[in-house]
Amino acid sequence: MEDHYHARRARGLTEVRPLLHALYADRRDVELDRLIQRIGSVLDDAHAARPAALRRIDAERLADPGWFQAAARIGYVAYVDRFAGTLGGVTRRLPLLEELHVDLLYLMKVQRARPEPNDGGYAVVDYLDVDPALGTWSDLEHLTATLHERGIGVCLDLVMNHTAREHAWAEAARRGSARHRAYYLVFPDRQLPDLYEEHLQEVFPDLAPGNFTWDDELAAWVWTTFHDYQWDLDYGNPEVFVEMLGVMLSMANAGVDVLRLDAIAFTWKRMGTNCQNQPEAHLLAQAFRALTDVAAPGLLLLAEAIVSPGELVPYLGAHRLQRRECHLAYHNQLMVQIWSALATGDARLATESLASLPPTPATATWTTYVRCHDDIGWAVDDEVAGRVGIDGGGHRAYLAAFYRGDVPGSDALGAAFSTNAATADERTVGTAAALCGLEAARARGDRLAEERAIRRLLLAHGVILGFPGIPLLYMGDELALSNDATYLADPALVEDTRWMNRPWLDEEVLERRHVAGSVEARVFAGLRRLVEARRATPAMAAGGQLWLHRYDDPAVLAWQRHHPVHGGFFGLANFSDQPATVPAASPGWAGLHEPIAIVDDGVTVMRDRLVLPPLSVTWYVDRADAPVVPAPVPTGRVRPPDVRG
Ligand code: GLC
């Protein structure tokens, strides 16, 4: 089969040359031509080894480069063990995934990590081996093939910033291999570490203070941004780049469709900076992208850069000139702003923050999410907050307290994670249901509060599913799973409160999704309704433009989208537990000629206002672009509002 490999190879190697030059020009020992030659042979080997079934998928995706932006893309995130026991067990969960129309499955903690503690699997000892408790590498290949037959792609982590101290490279370094020592950032004394520390933050200030760890075998300090057993790789060394490229392509050849580039923001260090989001971290991502496009063109790169709003969009390739960088990046800011608006019932900060993000390149998009396995860091920009009269620091403290349940009226049952005493920065953990107040309401038997909590949970999902990008549903949120307490009994986990929001899937709870009237069934049906409305509506594809609208009612988040091929969209979310109103003409002002609600929680029209029910979401499209096949669960329609000419 002619797959134009040679054309791609020529283009990729041309594209990567200036990137590698910019990364490694300072190193006199690096001969660029030789480096590129070696990279060429890594590509050739990977291409030769690429299974025929994956080449067919490559060909389909090359023919439809926007494939991952389609409205029908729905992601789901799960720990293999907590979700399905083993890799082999994942197929038992196909009914659940199919009911939710999932076509991208992000499985966590798959690769072989050091024995616990291992930061939830993020201390990898072998990128190309599976945790023996879950199965084997060939089980992984088998699973990806089985899922592909059902149209489901697979995402895995590539923990690219660091390896475990027990990874073969680190072992070799500890045994004295100079070559492998140079894979890491190693310092004979505290002189440079102390200088770096002046500008570094701490990711786990209480669990793992400091960014350097003394290692007796190395007889040196090694850079450890995260835990002391997670050694940061030195991407200033092109050998590390070549190794990681090989890992990426081997993972792709095992049938992995999306690589989640873990902690990508930290991959380049520069004295005098916080060593995050350095220009070179972007060059690295661009170089990897140029090369994976050659040998595994169906592969997507997802940036896990949980950074401040201003630093986010460049990972999608938005620089002074647009670049091909990651296809996808976590929309951390949307997630934070959803929780912020739910806490205050006020969407003005969300509107202001989202409106101040630069536009995303048309060829890339977000992954949107409500919760994930990590904590929530309150990434509220002080300057943006100031514009809407909010003090950033005060607001961050309020959000942390609100979700701890320490604010009158808050039913949230979250907890603090990694509080930094020096900066008073407190992050938050807890499952979505617990943060929405569902757990507390159920415990009290308070039906009204329960209803409110369910609405919050669905509202949050109505926003992430209504925004451009691939929504990533986090395992358990579809069933309103509560906080998990089992980690408290495990000495290796007990210190890390993130385990609260890493629950086990319970068969009984899972079955209750079909028990009419149960909380699980209500949440599940509500979520499904959103998923089905979305996937039936091509206008919800990513790749178009997004605008935020400001109305007089502070509770309302209003967003307009326009896709050049599939048409317009207008979303309204009311974050208050009171009704809110917007001008009835607003869908028309947002460019819809004949607006029709495809998701409607009971909007009414009073005179010239749309009345949005408390904690509700409404999605409008043009009648001409509405789903041909109505969503299976009818959502009710609102009389089209008057459109002012
Ligand atoms: C990412 C992971 C997180 C982990 C960290 C270090 O942020 O999501 O769970 O602790 O990277 O690998």
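Note: the structure precedes this text.
Just so you know, these numbers come straight off a predicted model, no measurement behind them. (Residues numbered from 1 in each chain as written. Predicted model: local features only at pLDDT ≥ 70, side-chain atom pairs only at ≥ 80, totals over all residues. Heavy atoms only, no water.)

1. Points about the overall build of the protein
For the protein, the count of helices and strands is 22 helices and 25 strands. Expected size for 645 residues packed as a compact globule is a radius of gyration near 26 Å; at 24 Å, the protein falls within 12% of this value. Based on the C-alpha atoms only, the size of the protein along its principal axes is roughly 75 × 55 × 50 Å. The long-range share in the protein, meaning contacts at least 24 apart out of those at least 6 apart in sequence, stands at 72%. A total of about 24000 Å² of accessible surface is found on the protein, and carbon and sulfur atoms cover 53% of it. (Helix = DSSP H or I, 4+ residues; strand = E, 2+ residues; numbered from the N terminus. Rg over C-alpha atoms; globule rule 2.2 N^0.38 Å. Contact = heavy atoms within 4.5 Å. Areas by Shrake-Rupley, 256 points an atom, 1.4 Å probe, with all protein chains shown as cover.)

2. Observations concerning the site of the ligand
Residues in contact with the ligand amount to 13 residues; listed here are only the nearest, Asp119, Arg260, Asp262, Glu304 and Asp374. Here an oxygen atom of the ligand and a side-chain polar atom of Asp262 are 2.8 Å apart. Contact distances for the ligand include 2.4 Å between an oxygen atom and a side-chain N or O atom of Asp374. Here the ligand loses 95% of its free accessible area of 310 Å² to cover by the protein chains. Looking at the shell around the ligand residue by residue, the class counts come to 3 nonpolar, 3 polar and 7 charged. Inspection of the shell around the ligand shows a minimum of three residues originating in each of domain 1 (68–160 + 249–535) and domain 2 (162–232). (Near = heavy atom within 4 Å. Polar contact = N/O pair within 3.5 Å; in protein donor to acceptor, adjacent residues only side chain to side chain. Nonpolar A, V, L, I, M, F, W, Y, C, P; charged D, E, K, R; others polar. Domains from an automatic or database assignment.)

3. Brief notes about unusual backbone geometry
Along the chain, Glu116 connects to Pro117 via a cis peptide bond; the corresponding omega equals 0°. Notably, Lys109 is not glycine yet its phi reads approximately 60°, a positive angle. Of note, Lys109 is situated in the loop between strand S2 (104–108) and strand S3 (111–113). Taking the relative accessible area as the measure of exposure, Lys109 reaches 17% and is therefore buried. Unlike most non-glycine residues, Ala480 shows phi in positive territory, near 55°. Within the element layout of this structure, Ala480 appears in the loop between strand S17 (470–474) and helix H20 (507–511). (Buried < 20%, exposed > 50% of the residue type's maximum accessible area, 1.4 Å probe, protein only.)

4. Quick look at the packing of aromatic side chains
The final tally for this structure, using the stated rule, is 27 aromatic pairs. A centroid spacing of 4.4 Å and a plane angle of 15° characterise the contact between Phe241 and Phe288, whose relative ring orientation is stacked. Taken together, the positions of Phe241 in helix H10 (residues 238–253) and Phe288 in helix H11 (residues 279–295) put the pair 47 residues apart, joining distant regions of the chain. In this structure Phe288 comes out as buried when scored by relative accessible area, which is 0%. An aromatic cluster is present here, built from Trp339, Trp378, Tyr398, Phe402 and Tyr403 joined pairwise through their rings. Taking the ring centre of Trp499 as reference, the NZ or CZ of Arg502 above it sits at 4.5 Å. (Phe/Tyr/Trp six-rings, centres within 6.5 Å; stacked < 30°, edge-to-face > 60°. Lys NZ or Arg CZ within 6 Å of the ring centre and 35° of its normal.)

5. Things to note about the sheet that holds strand S25 (residues 616–622)
Strand pairing within a sheet occurs via backbone hydrogen bonds; the two strands may be parallel or antiparallel. Across the sheet, 5 strands lie side by side as S18-S19-S20-S25-S22; this open sheet has antiparallel pairing. The open sheet has two edge strands, strand S18 (545–549) and strand S22 (595–600), and neither has a second partner. Going from strand to strand, the sheet's axes swing by 20° on average, the running direction of each strand aside. With 8 bridges joining them, strand S19 (residues 556–563) and strand S20 (residues 567–574) adopt antiparallel strand pairing. (Pairing = 2+ DSSP bridges. Axes fitted to C-alpha atoms, helices over the stretch in contact; angles between N-to-C directions.)

6. Points about the pairing of S20
Among the 8 residues in S20, 8 count as buried, and that is most of the element. Linking two consecutive strands that pair antiparallel, namely S19 and S20, is a turn of 3 residues. Pairing of S20 with S25 involves 6 bridges; the strand directions are antiparallel. Bridged to Phe570 within S25 is Tyr620.

7. Some words on helix H3 (residues 52–63)
Between its terminal C-alpha atoms H3 stretches 17 Å, which fits the 16 Å expected from 12 residues at 1.5 Å a residue. Restricting attention to buried positions, one finds in H3 the residues Leu54, Arg55, Ile57, Asp58 and Arg61. The buried residues of H3 occupy one face: seen down the axis, they fall within an arc of 160°. Along H3, exposed side chains directed more than 90 degrees from the buried face belong to Glu60 and Ala63. Here the buried face of H3 lies against helix H2 (32–49), helix H6 (137–149) and H10. (Expected span 1.5 Å × (residues − 1). Arc of directions from axis to C-beta.)

8. Focus on the nonpolar core
Residues Tyr76, Trp339, Leu557 and Trp619 are the most contacted members of the largest nonpolar core, which totals 200 residues. Looking at this core, the element that brings in the most residues is H10, giving 10 residues. Among the nonpolar cores identified, the runner-up in size contains 16 residues, and Ala555, Ala580, Ala597 and Leu612 belong to it. (Core = buried A, V, L, I, M, F, W, Y, C linked by side-chain atoms within 4.5 Å.)

9. Thoughts on the pattern of salt bridges
Under the defined criterion, the tally for this structure stands at 55 salt bridges. Among the salt bridges present, the one from Arg324 reaches Glu15, with a minimum N-O distance of 2.7 Å. Residue Arg324 is located in the loop between helix H12 (309–312) and strand S13 (328–330), and its partner Glu15 is located in helix H1 (residues 5–24); the two are separated by 309 residues in the primary sequence. Relative accessible area serves as the criterion here: at 27%, Arg324 is assigned to the partly exposed category. Across the pair Arg609 and Asp552 runs a salt bridge, and its minimum N-O distance is 3.1 Å. Here Arg609, found in strand S24 (residues 609–612), pairs with Asp552, found in the loop between S18 and S19; they are 57 residues apart in sequence, far enough to count as distant. Look at Arg609 and you get partly exposed, because its relative accessible area is 22%. Here Asp552 falls in the exposed class, since its relative accessible area comes to 58%. What emerges from the salt-bridge pattern is a single network uniting Arg11, Glu15, Arg289, Asp293 and Arg324. (Salt bridge = Lys/Arg side-chain N within 4 Å of Asp/Glu carboxyl O.)

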